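Below are the chains, spelled out letter by letter.
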Amino acid sequence: MQQIAFVTGADRGLGLALSAGLLERGWHVFAGQYMPDWPELAALLGQFPESLRLVPLDVSSMGSVRAAAQAVASSAGWVDMLVNNAGVISTTSAGSIREPQDYDKIHWLYDINAVGPLRVVEAFLPLLDRGQMKRLCFVSSEAGSIDRCRRENWYGYCMSKTALNMAVKIMFNHLRLQGYTFRLYHPGWMRTYMEGSKNTKADMEPEESAAQAIPFFIEAQADEDRLVLRDWQGHVWPW
Ligand SMILES: NC(=O)c1ccc[n+]([C@@H]2O[C@H](COP(=O)([O-])OP(=O)(O)OC[C@H]3O[C@@H](n4cnc5c(N)ncnc54)[C@H](OP(=O)(O)O)[C@@H]3O)[C@@H](O)[C@H]2O)c1
């Protein structure tokens, strides 16, 4: 039976690469589309017309998230794996505490990066309950690690990823007992569009990170009863 994934923020960057990689492995993918004018998802649909479905999704809107879950429910009876990948950064909220903070931007980062995945899990749980796999994946960041933090700025983004990690830990405490398994992933510094245009200075293409993420996401792990933040090289990060 074909396995079914839902991927948020699938228009470009890592979400697009994860969707493509899963399709190549024979998965059926529902791709959360935030940017209908961006052409890459439509091109992927041309390659996989039978197994890719595009679903409008804004993770900052509960109405949009519920409508996406409803759209998936009306064409599939279940979801095996949910990949919470959508995320944002803001270069205008990167200053140290001696500079004025952009508090609206900090709230916006928190709303999308930390609260967004909560909305998505809440809405998709009934579909995941009906799936065999019950896998919840989250793209976080080294920026959320308190122990390894050396930055003196970037409050909004770092705090949003730390909050995401806590949300995942609380879900893990609850849902692991109900048969769910969890993946928390730091993808590395990728040549993606987080700052508005493709960051050509970063270390790797998103496809390289997706190639490491996909086995981590879909294969069983030796210890499913321990939640860890793992990076693209397989290293575990401290909280
Ligand atoms: N790039 C890195 O080096 C890096 C490092 C560590 C962690 N990460 C994490 O990796 C994940 C993927 O990021 P990426 O690097 O692939 O960035 P990306 O190229 O910007 O892709 C993220 C996608 O999510 C979309 N999105 C933004 N707001 C959304 C919303 N409210 N609802 C649904 N989708 C929304 C983006 O649209 P817009 O382009 O219109 O915003 C974009 O299409 C994020 O969670 C990010 O925090 C990235």
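Just so you know, these numbers come straight off a predicted model, no measurement behind them.

Participant: Summarise the site of the ligand; cite the residues concerned and give the values.
Facilitator: Neighbouring the ligand are 30 residues; Gly9, Gly13, Tyr34, Gly87 and Thr192 lie closest to it. The greatest single-element share of the shell around the ligand, amounting to 3 residues, is contributed by helix α1 (residues 13–24). Of the residues contributing to the shell around the ligand, the split by class is 16 nonpolar, 11 polar and 3 charged.

Participant: Could you give an account of the nonpolar core, naming the residues involved and the relevant values?
Facilitator: Formed by 59 residues in total, the largest nonpolar core has its most connected members in Leu82 and Phe124. Sort the elements by how many residues they give to this core and helix α4 (residues 103–129) lands first, with 9 residues. If near-sequence neighbours (up to four positions away) are discounted, Leu82 is found in contact with Phe6, Val120, Val121, Phe124, Leu128, Leu136 and Cys137.

Participant: For α1, give the residues involved together with the corresponding values.
Facilitator: With 12 residues, α1 should reach 16 Å at 1.5 Å per residue; the first-to-last C-alpha distance of 17 Å fits that figure. Among the 12 residues in α1, 11 count as buried, and that is most of the element. Buried within α1 are the following residues: Gly13, Leu14, Gly15, Leu16, Ala17, Leu18, Ser19, Ala20, Gly21, Leu22 and Leu23. Note on α1: the residue one or two positions beyond its end, Gly26, has a positive phi of about 95 degrees.

Participant: Now, about unusual backbone geometry: what can you tell me, with residues and values included?
Facilitator: Of note, the phi angle at Lys134 is positive, near 55 degrees, even though the residue is not glycine. Looking at the secondary structure, you find Lys134 in the loop between α4 and β5 (135–139). For Lys134, a count of 21 C-beta atoms within 10 Å corresponds to the buried category. A positive phi angle, near 60 degrees, is found at Trp154, a position not held by glycine. If you trace the backbone, Trp154 turns up in the loop between β5 and α5 (155–175).

Participant: So what's going on with the environment of Ala17? Which residues, and what values?
Facilitator: Counting through the fold element by element, Ala17 comes out in helix α1. When near neighbours in sequence (up to four residues on either side) are disregarded, Ala17 contacts Pro206, Glu207 and Ala210.

Participant: Run through the environment of Ser51, naming residues and quoting values.
Facilitator: You can see Ser51 is positioned in the loop between α2 (40–47) and β3 (52–56). Each C-alpha atom of the pair Ser51 and Leu41 lies 13 Å from the other, and the pair is 10 residues apart in sequence. Sequence-distant contacts of Ser51, that is, excluding residues within four places in its chain, are made with Leu23, His28 and Val29.

Participant: Break down the pairing of strand β2 (residues 28–33) for me, with residues and values.
Facilitator: The buried count for β2 comes to 6 of 6 residues, which makes it a mostly enclosed element. On β2, burial covers both faces: His28, Phe30 and Gly32 on one face and Val29, Ala31 and Gln33 on the other are all buried. As paired strands, strand β1 (residues 4–7) and β2 are joined by 4 bridges and run parallel to one another. Following the sheet pairing, Val7 is matched in β2 by Ala31. Following the chain from β1 across α1 to the adjacent parallel β2, one finds a crossover that is right-handed. Where β2 meets β3, 5 bridges bridge the pair, whose relative direction is parallel. Note that in β3 the partner of Gly32 across the bridge is Val55.

Conventions adopted
- Residues numbered from 1 in each chain as written.
- Predicted model: local features only at pLDDT ≥ 70, side-chain atom pairs only at ≥ 80, totals over all residues.
- Near = placed C-beta within 6 Å.
- Helix = DSSP H or I, 4+ residues; strand = E, 2+ residues; numbered from the N terminus.
- Nonpolar A, V, L, I, M, F, W, Y, C, P; charged D, E, K, R; others polar.
- Core = buried A, V, L, I, M, F, W, Y, C linked by C-beta atoms within 7 Å.
- Buried ≥ 20, exposed ≤ 12 C-beta atoms within 10 Å, placed from the backbone.
- Contact = placed C-beta atoms within 7 Å.
- Expected span 1.5 Å × (residues − 1).
- Pairing = 2+ DSSP bridges.
- Right-handed = clockwise from strand over helix to strand, strands pointing away.

Keep in mind that these numbers describe shape and distance, not what the molecule does.
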